[in-house]
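# Fold and geometry: a report
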Amino acid sequence: MPTPYGYHVVHLKAREGGEEISFEEAEETIAAYLQEQTWRRAVRQYISILAGQAEIEGLEIEAAGSPLVQ
């Protein structure tokens, strides 16, 4: 199947089955993942706001024009 980068060939050497786990077993991992994603998004937005307020020359940075960033 073609991709934007051309064709890719994959050679599958082995396949291992998974096992179902309860939400209680996965809850801590899910919470940590969501917390990390939220932190990264907040930092990206903060940097975007700072870049929008700064006078930067010679470098292209995606900057926010207002503090209302999503």
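Being a predicted model, the structure only gives us computed values, none of them experimental. (Residues numbered from 1 in each chain as written. Predicted model: local features only at pLDDT ≥ 70, side-chain atom pairs only at ≥ 80, totals over all residues. Heavy atoms only, no water.)

## Thoughts on the confidence of the model for the protein
Of all residues in the protein, 83% have pLDDT values of 70 or greater, and the mean over the chain is 85. The element-level mean pLDDT for the protein is lowest in strand β1 (residues 2–3), coming to 78, with helix α1 (residues 23–53) highest at 92. (pLDDT = per-residue confidence, 0-100. Helix = DSSP H or I, 4+ residues; strand = E, 2+ residues; numbered from the N terminus.)

## Describing the pattern of salt bridges
What the rule picks out here adds up to one salt bridge. For Glu36, the salt bridge identified is with Arg40, shortest N-O distance 2.7 Å. With Glu36 and Arg40 both in helix α1 and four residues apart, the pair spans about one turn of that helix. According to the relative accessible area criterion, Glu36 is partly exposed, its value standing at 33%. On the accessibility criterion, Arg40 (46% relative accessible area) is partly exposed. (Salt bridge = Lys/Arg side-chain N within 4 Å of Asp/Glu carboxyl O. Buried < 20%, exposed > 50% of the residue type's maximum accessible area, 1.4 Å probe, protein only.)

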